[in-house]
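Per-entry structural report
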Amino acid sequence: MQANKLKTVRNDVQSLLQQAQDLFAQAAQTTGQKADELRASAQALLEQALNTAHDAQSTVVETGRQIVTTTDDYVQSNPWRAIAIGTGIGLLVGLAVGRCADHG
């Protein structure tokens, strides 16, 4: 779910940046008030893209904080279970790395 939101945000930001780039290109070919309007529109799109990216960053940071808090609470409540899980994961990673080293 979170990955879909981030992909959507990335696509939105890319679209806004492309639109801004197109407007700046048109402004470069135009003079006078029309060029000023195109530059202003492009600047507004860049600001919108920046705000969208900032909002996504804030959401990711907050989600990360929630995950850290939940994990910390779990480890504090179940220290031996956490040690066993960590040891198991370490063992699996070690076996996987060992197999890759044998084949490489």
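Notes on the overall build of the chain
- Along the backbone of the chain there are three helices and zero strands.
- Traced from its N-terminal end to its C-terminal end, the chain shows the element sequence α-α-α.
- Expected size for 104 residues packed as a compact globule is a radius of gyration near 13 Å; at 24 Å, the chain overshoots this value by more than 25%.
- Along the longest, intermediate and shortest principal axes, the C-alpha atoms of the chain span 70 × 40 × 15 Å.
- Residues classed as buried in the chain amount to 12% of the 104 residues present.
- Partitioning the contacts of the chain with sequence separation of at least 6, the portion at a separation of at least 24 is 50%.
- Here the chain displays about 8200 Å² of accessible surface, and carbon together with sulfur accounts for 58% of that area.
- Placing the 8 positive and 10 negative side-chain charges of the chain at their respective mean positions leaves the two points 8 Å apart.

A word on a nonpolar patch on the surface
- Among the surface-exposed residues, Y74, V75, I85, I89, V93 and V97 lie close enough to one another that they form a single nonpolar patch of about 500 Å² accessible area.
- Residue contributions to the nonpolar patch peak at four residues, all from helix α3 (residues 79-103).
- By the secondary structure assignment, Y74 is in helix α2 (residues 32-77).

Brief notes about α2
- Here α2 contains 46 residues, and its C-alpha end-to-end distance of 68 Å stays within 8% of the 68 Å for a straight helix at 1.5 Å per residue.
- Within α2, burial applies to A35, L38, A42, L45, A49 and A56.

Quick notes on the nonpolar core
- Membership of the largest hydrophobic core is limited to nine residues, which are V13, L16, A20, L23, A27, L38, A42, L45 and A49.
- Contributing elements (two or more residues each) for this core: α1 (2-29) and α2.
- No other element matches the five residues that α1 contributes to this core.
- Look past the residues within four positions of L16 in its chain and what remains in contact with it is L45, Q48, A49 and T52.

A word on the environment of D22
- Within the element layout of this structure, D22 appears in helix α1.
- We classify D22 as partly exposed; its relative accessible area is 38%.
- Between the alpha carbons of D22 and L38 there is a distance of 9.4 Å; along the sequence they are 16 residues apart.

The rules behind these values
Residues numbered from 1 in each chain as written. Predicted model: local features only at pLDDT ≥ 70, side-chain atom pairs only at ≥ 80, totals over all residues. Heavy atoms only, no water. Helix = DSSP H or I, 4+ residues; strand = E, 2+ residues; numbered from the N terminus. Rg over C-alpha atoms; globule rule 2.2 N^0.38 Å. Buried < 20%, exposed > 50% of the residue type's maximum accessible area, 1.4 Å probe, protein only. Contact = heavy atoms within 4.5 Å. Areas by Shrake-Rupley, 256 points an atom, 1.4 Å probe, with all protein chains shown as cover. Lys, Arg positive; Asp, Glu negative; His and termini not counted. Charge placed at Lys NZ, Arg CZ, Asp CG, Glu CD. Patch = residues over 30% accessible without salt bridge, like charges linked within 9 Å, V, L, I, M, F, W, Y side chains within 5 Å. Salt bridge = Lys/Arg side-chain N within 4 Å of Asp/Glu carboxyl O. Expected span 1.5 Å × (residues − 1). Core = buried A, V, L, I, M, F, W, Y, C linked by side-chain atoms within 4.5 Å.

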